[in-house]
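Observations on the three-dimensional arrangement
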Protein chains: 2
Amino acid sequence: MLQFGKIAVIGAGNTAYTLCKLLKSKGIEPFCVFVRNPEKAEKVRQDLGVEVVSDYENVLKTDLAIIAVNDDAISEVATHLTDYKGLAVHTSGTKPAELLNRTMRFGVFYPLQTMSKEREISFDEIPLLIYANSPDDVEMLSKFASQFSKKVVFCDDEQRKAIHLAAVFVSNFTNVMLGIGDKLLKDNGLSLDVMRPLVQEMIKKSFEISPKDALTGPARRNDFSTIGEHEKMLDNYPDELAIYMILTDYIIENYKNNEKL
Amino acid sequence: MLQFGKIAVIGAGNTAYTLCKLLKSKGIEPFCVFVRNPEKAEKVRQDLGVEVVSDYENVLKTDLAIIAVNDDAISEVATHLTDYKGLAVHTSGTKPAELLNRTMRFGVFYPLQTMSKEREISFDEIPLLIYANSPDDVEMLSKFASQFSKKVVFCDDEQRKAIHLAAVFVSNFTNVMLGIGDKLLKDNGLSLDVMRPLVQEMIKKSFEISPKDALTGPARRNDFSTIGEHEKMLDNYPDELAIYMILTDYIIENYKNNEKL
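Computed from a predicted structure; not experimentally measured.

Okay, the sheet that holds strand E6 (residues 105–111) of chain A next. Residues and elements named next belong to chain A. Judged by pairing direction, the sheet is mixed, and its eight strands sit side by side in the order E3-E2-E1-E4-E5-E6-E7-E8 without closing on themselves. Two strands close off the open sheet at either side, each with one partner strand: strand E3 (52–53) and strand E8 (152–154). In the sheet, strand E1 (residues 7–10) pairs with strand E4 (residues 64–67) via four bridges, with the strands oriented parallel. Bridge pairing links Ile10 to Ile67 in E4. Running over the sheet, helix H1 (residues 14–25) touches E1, strand E2 (32–34), E4 and E6 and is turned about 155 degrees from E1. Across the sheet, helix H5 (residues 157–186) is in contact with strand E5 (87–90), E6, strand E7 (128–132) and E8; its angle to E6 comes to roughly 25 degrees.

Structure below.
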């Protein structure tokens, strides 16, 4: 079912690692992985057991180049691909596809997931947001992506950027809330682990009935006496207090027309 | 295994509903449920099929009274229980046990979970935080709680308050982040559903390796160009922009000593 003959992966970060593992998990050996830095190149070779190159000669021989580098480095990589005949895609949630318009065929292949080098994740359910500048390449990329995930979504730049921004709230900022909880509990000799069932049920409920309908808690009930006590408890945590206050105000202002729980 | 003969539940809110269902699920019929408001009383009777009373006479005949009312109403309920011979517990995360000290035997029975009338939740894994003012009652309450959950935790007022405050961050405020994501996606013709695998993996990772180590994203990498773009995209969302900025600053300030991802 492989739609692309030879595949190059460019980069040595979390996304590049995850994509290489993903390809290999489907029996697809990357033709080469481009890594500029020699030390990192050696590490990638050892970690992933792939062919690592540090010039673009081999990359130019491939049919699909997945540019999995930091957003700021995409343009520089593109300057080396002006003669590329294959399809060049970047993996950025925020950068426009046009960043690669020096190549004839370009697009985006953005896996909507948080990735770390050391974690194995199942791609089955992970949305792969794709874009290409020609209908033929959209079809090709869509077939390619479908090998890895059941959720291949065609997205233009604007939609992908909106998804990326929303992801910062639902993933990064949600993580910060867990981090603050962790800190407050540790300072009281307790462990975040006690929160796991609560967090899981809240997430489940939010996706099932919508976050707005799932919200409970003192701000939601306008319970100012508890809010006051919490603010007093955060006296020695000025940064966390500021966050508590802005989010409490947000709930009070934005949820007032919902039926009171 | 029932340690208490007759049980009264006081209240008609989410917690009272959930506790009644919980008791019944273990074959324990509440002796009575006290509901002051006649309309609500009728509804509780119909919804739960329990004996509903609106005076304290029957409550005084029980061995355990679970006061599952709003925090502000606990004191008022306590004034009716001065002659109570059983153990009176409230279900508040923030109020001190001493609020019930007009009764001889008092304590706390606080399920650490978000509860709605219409949802069935499995109590097995839910931490039940208990307290009582005598060692005998601690033991009794602990045995009682163990029927419902594997995680019965003895907590004093201070610890319970810290847990409650942490729960606001990890549950209510996390919910707000999902709500903002939902709003941004809807405004771009997209659905929050696309975020489910991302959120689930981030939560899993945070509990496995700690939230701080699990964090990724533009603020974590000090990627000011993406942050700037996000802030521009939030131009028409002043409240959400303020939240974006305070949380981004929090990450930049508090995570700078972690190894850069």
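Read on for the rest.
Moving on, we come to empty space enclosed by the protein. All names here are of chain A. All chains considered together, the criterion is met by one cavity of 30 Å³ or more. Its volume calculated, the largest cavity comes out at about 30 Å³. For the largest cavity, the full set of lining residues is Leu19, Leu22, Leu23, Ile66, Phe109, Phe144 and Phe148. A per-element tally of the lining of the largest cavity places H1 first, with three residues.

You can overlay chain A on chain B at an RMSD of 0.0 Å; the transform is a turn of 180 degrees with a shift of 0.0 Å along its axis. Taken together, these values place the two copies in the relation of a two-fold axis. Closest to the rotation axis within chain A is the C-alpha of Thr174 of chain A, separated from it by 2.5 Å. An overlap of 100% is found between the interface residues of chain A and their copies at the interface of chain B, pointing to a shared contact surface.

Residue and element names in this part refer to chain B. Closest axis-to-axis distance for the helix H1 (residues 14–25)/helix H2 (residues 38–48) pair is 11 Å, and the angle between their directions is 35 degrees. In the crossing of H1 with H2, the sense of the turn from one axis to the other is right-handed. Together, Tyr17, Cys20, Lys21 and Lys24 of H1 and Lys43, Val44, Asp47 and Leu48 of H2 make up the contact between the two elements.

All names here are of chain B. Pairing is mixed across the open sheet formed by eight strands, whose spatial order is E3-E2-E1-E4-E5-E6-E7-E8. The open sheet terminates on both sides in strands that have one partner only, identified here as strand E3 (52–53) and strand E8 (152–154). Along the sheet, H1 makes contact with strand E1 (7–10), strand E2 (32–34), strand E4 (64–67) and strand E6 (105–111), crossing E1 at roughly 155 degrees.

Let us look at the interface of chain A and chain B. At the junction of the two partners, chain A supplies 84 residues and chain B supplies 84 residues. Overall, the association of chain A and chain B removes approximately 8,700 Å² of surface from exposure, summing both partners, and the carbon and sulfur fraction of that is 69%. Looking at the side of chain A facing chain B, the largest losses of area belong to Arg119, Phe169 and Phe207 of chain A, adding up to 9% of the total buried there. One can count four salt bridges joining chain A with chain B. As a salt-bridge pair, Glu229 of chain A and Lys161 of chain B come within 3.5 Å of each other at their nearest N and O atoms. Counting across the interface, chain A meets chain B through 14 residue pairs in polar contact (both at pLDDT 80 or more).

Once that is clear, we can look at the packing of aromatic side chains. Using the criterion set out here, one finds 14 aromatic pairs over all chains in the structure. Centre to centre, the rings of Phe144 of chain A and Phe148 of chain A are 5.1 Å apart; their planes meet at 80 degrees, and the pair counts as edge-to-face. Comparing Phe144 of chain A with Phe148 of chain A, the two get one shared label, buried. Ring geometry for Phe169 of chain A and Tyr244 of chain B: centres 5.9 Å apart, planes at 55 degrees, overall tilted. A residue pair is termed interchain when its members come from two chains, as with Phe169 of chain A in helix H5 and Tyr244 of chain B in helix H9 (residues 238–254). Both residues of the pair, Phe169 of chain A and Tyr244 of chain B, count as buried. Each residue in the set Phe109, Phe144 and Phe148 of chain A is aromatic and connected to the rest through ring pairs, giving one cluster. A cation sits over an aromatic face here: Lys6 of chain B above Phe31 of chain B, 5.0 Å from the ring centre. The ring of Tyr255 of chain B carries the charged tip of Lys212 of chain B above its face, separated from the ring centre by 4.9 Å.

Now for the pattern of salt bridges. All names here are of chain B. Under the defined criterion, the tally for this structure stands at 27 salt bridges over all chains. The partner of Glu76 in a salt bridge is Arg36, with the nearest N and O atoms 3.5 Å apart. One end of the pair, Glu76, is in helix H3 (residues 74–79); the other, Arg36, is in the loop between E2 and H2, with 40 residues separating them in the sequence. The class of Glu76 is partly exposed, set by a relative accessible area of 35%.

Turning next to the packing of helix H6 (residues 196–209) of chain A against helix H6 (residues 196–209) of chain B. Two elements in contact, H6 of chain A and H6 of chain B, have axes whose closest approach is 12 Å; the angle formed by their N-to-C orientations is 175 degrees. For the element pair H6 of chain A / H6 of chain B, the angle class is roughly antiparallel. The residues of H6 of chain B that touch H6 of chain A, namely those facing Arg196, Val199, Ile203 and Phe207 of chain A, are Arg196, Val199, Ile203 and Phe207 of chain B. Grouping the amino acids of the contact of H6 of chain A with H6 of chain B by side-chain chemistry returns six nonpolar, no polar and two charged.

The alternating pattern of E4 of chain B places Leu64 and Ile66 of chain B and Ala65 and Ile67 of chain B on opposite faces, both of which are buried. Taking the sense of rotation as the criterion, the β-α-β connection linking E4 of chain B, H3 of chain B and strand E5 (residues 87–90) of chain B turns out right-handed.

The tendency in soluble globular proteins is for nonpolar side chains to be buried side by side. Core analysis: the largest hydrophobic core is formed by 119 residues, its most contacted members being Val59, Phe169 and Met195 of chain A together with Val59, Phe169 and Met195 of chain B. Excluding residues within four positions of it along the chain, Phe169 of chain A makes contact with Thr174 of chain A together with Met177, Ile180, Gly181, Leu184, Leu234, Glu240, Ile243 and Tyr244 of chain B.

Rules used throughout
- Each chain carries its own residue numbering, running from 1 in the direction its sequence is written.
- Written order determines the labels here, with chains lettered from A and ligands numbered from 1.
- Local features in this predicted model are restricted to residues whose pLDDT is 70 or higher, and side-chain atom pairs enter the listing and the counts only when it is 80 or higher, whereas totals over whole chains, interfaces and linings include all residues.
- Hydrogens and water molecules were not included; the side-chain quantities draw on all heavy atoms of the structure.
- Whether two strands pair comes down to DSSP finding at least two bridges between them.
- Strands are runs of DSSP state E lasting at least 2 residues, helices are runs of H or I lasting at least 4, and numbering of each runs from the N terminus.
- Any two residues whose heavy atoms approach within 4.5 Å are treated as being in contact.
- Comment: axis = line fitted to C-alpha atoms, over the contacting stretch for helices; angle = value between 0 and 180 degrees taken between N-to-C directions.
- Definitions used for this entry: grid spacing 1 Å over protein atoms alone; cavity, a set of points where a 1.4 Å probe fits but cannot get out; pocket, an open set with protein on both sides within 12 Å along at least 5 of 7 lines; lining residue, one with an atom within 4 Å of a point.
- Grid points are joined across faces, edges and corners, and a volume is the space filled by probe spheres set on the points.
- For the least-squares superposition of copies, only C-alpha atoms count, and only for residues with pLDDT at least 70 in both.
- Crossing handedness is defined as follows: a turn of the near helix away from the far one that is anticlockwise and smaller than a right angle gives a left-handed crossing, while the clockwise case is right-handed.
- Throughout, buried area stands for the accessible area (probe radius 1.4 Å) lost by two parts on being put together, summed over both.
- Just to be clear on terms, a salt bridge is a Lys or Arg side-chain nitrogen sitting within 4 Å of an Asp or Glu carboxyl oxygen.
- Under this definition, polar contacts are N or O atom pairs within 3.5 Å; protein pairs additionally need one hydrogen-donor-capable and one acceptor-capable atom, and for neighbouring residues in sequence, both atoms have to be side-chain atoms.
- Working definition: a ring pair exists when centres of Phe, Tyr or Trp rings (six-membered ring for Trp) sit within 6.5 Å. Plane angles under 30 degrees give stacked, over 60 give edge-to-face, the rest tilted.
- Only protein chains enter the calculation, and the probe is 1.4 Å; a residue is then buried if its accessible area is under 20% of its type maximum, exposed if over 50%, and partly exposed in between.
- A ring is considered to have a charge above it if a Lys NZ or an Arg CZ atom is located within 6 Å of its centre and within 35 degrees of its normal.
- Oblique is the label for every angle not falling under 35 degrees (roughly parallel), over 145 degrees (roughly antiparallel), or within 65 to 115 degrees (roughly perpendicular).
- In this classification, the charged set is Asp, Glu, Lys and Arg, the nonpolar set is Ala, Val, Leu, Ile, Met, Phe, Trp, Tyr, Cys and Pro, and all remaining amino acids, among them Gly, are polar.
- With the strands aimed away from the viewer, a crossover counts as right-handed if its path from the first strand over the helix to the second runs clockwise.
- What makes a nonpolar core is a set of buried Ala, Val, Leu, Ile, Met, Phe, Trp, Tyr and Cys residues whose side-chain atoms join them at distances within 4.5 Å.

Purely spatial values, then, with no claim about function.
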